[in-house]
Amino acid sequence: MSEVKLAASTRTEFGKGAARRIRRDAKVPGVLYGHGSDPIHLTLPGHELLLALRTPNVLISLDIDGKTSELAIPKSVQRDPIKGFLEHVDLQLVTRGEKVNVEIFVHTEGELAPGGNLLEHVLNALPVEAEATHIPESVTVSVEGLTAGDSVLAKDIPLPSGTKLAVEGDTVVLQVLAAQAEEPSEESAEGDAAAEA
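In this text, all values refer to a predicted model and were calculated from it rather than measured experimentally.

Draft legend 1. Fine view of the pairing of strand 6 (residues 86-94). With seven of nine residues buried, strand 6 is to be regarded as a mostly interior element. In this sheet, strand 6 lies alongside strand 2 (residues 27-34) in parallel orientation, the contact comprising four bridges. Pairing of L32 across the sheet is with L91, part of strand 6.

Draft legend 2. Seen up close, the side chain of S61. Here S61 is to be found in strand 4 (residues 59-64). Judged by relative accessible area, which is 8%, S61 ranks as buried. Leaving out residues up to four positions away in the same chain, S61 has contacts with E3, V4, K5, L6, S69, E70 and L71.

Draft legend 3. Just the environment of V176, in detail. Along the polypeptide, V176 turns up in strand 13 (residues 172-177). For V176, a relative accessible area of 3% gives the class buried. In this structure, the C-alpha to C-alpha distance between V176 and N117, residues 59 residues apart in sequence, is 6.6 Å.

Draft legend 4. Representation of the sheet that holds strand 13. The antiparallel open sheet is built from three strands, whose spatial order is 8-13-11. The open sheet terminates on both sides in strands that have one partner only, identified here as strand 8 (118-121) and strand 11 (151-153). Direction aside, neighbouring strands of the sheet carry axes that sit 15° apart on average. Where strand 11 meets strand 13, three bridges bridge the pair, whose relative direction is antiparallel. If you follow V152 over to strand 13, its bridge partner there is L174.

Draft legend 5. Inspection of the environment of G110 at higher detail. Here G110 lies in the loop between strand 7 (99-109) and strand 8. G110 gets classed as partly exposed once you look at its relative accessible area, which sits at 43%. The spacing of G110 and E144 is 34 residues in sequence and 4.4 Å in space, taken between C-alpha atoms. Those residues in contact with G110 that sit more than four places away from it in its chain are V143 and E144.

How each quantity is defined
- Residues numbered from 1 in each chain as written.
- Predicted model: local features only at pLDDT ≥ 70, side-chain atom pairs only at ≥ 80, totals over all residues.
- Heavy atoms only, no water.
- Buried < 20%, exposed > 50% of the residue type's maximum accessible area, 1.4 Å probe, protein only.
- Helix = DSSP H or I, 4+ residues; strand = E, 2+ residues; numbered from the N terminus.
- Pairing = 2+ DSSP bridges.
- Contact = heavy atoms within 4.5 Å.
- Axes fitted to C-alpha atoms, helices over the stretch in contact; angles between N-to-C directions.

Encoded structure:
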């Protein structure tokens, strides 16, 4: 698990106008909360934060105003729906050794049994409990040889040491669906009827 250091500053201006000014300066408004403490409103460096968020469940070491250092994980990220830039981020305060609930991506490897079957990801991300400083980025599951009707349950997925499921063990994560036979279209059926006449 990677840890990214970011310099942040506290902010005292709120509202849409203040948020726009922050974003014009290539920064992102954010809030740090957790452990029963009052939320801390922050201004974060936009480009560095964007790069950090490319890693799922990244651990962020915040240097706030050069005075305090806090560890946090991203909890909610708002992006502009058209341009994709960061509009706001919520960060959850964590401490070393603390257990947190997060979702990790499920990757697959291997080939399904022959026959044109389809693999459905019922869950794209698996809810787990892990130590805040050792959150796995993802898990990999073999689907080698699975056939229609087979499924992979949460309890069947090998988890890294220190990571536990935060969902029922018999929750379906992946399932294999039989390939659907295409029904002939009406136009081709009419063409066949005309050819026969």
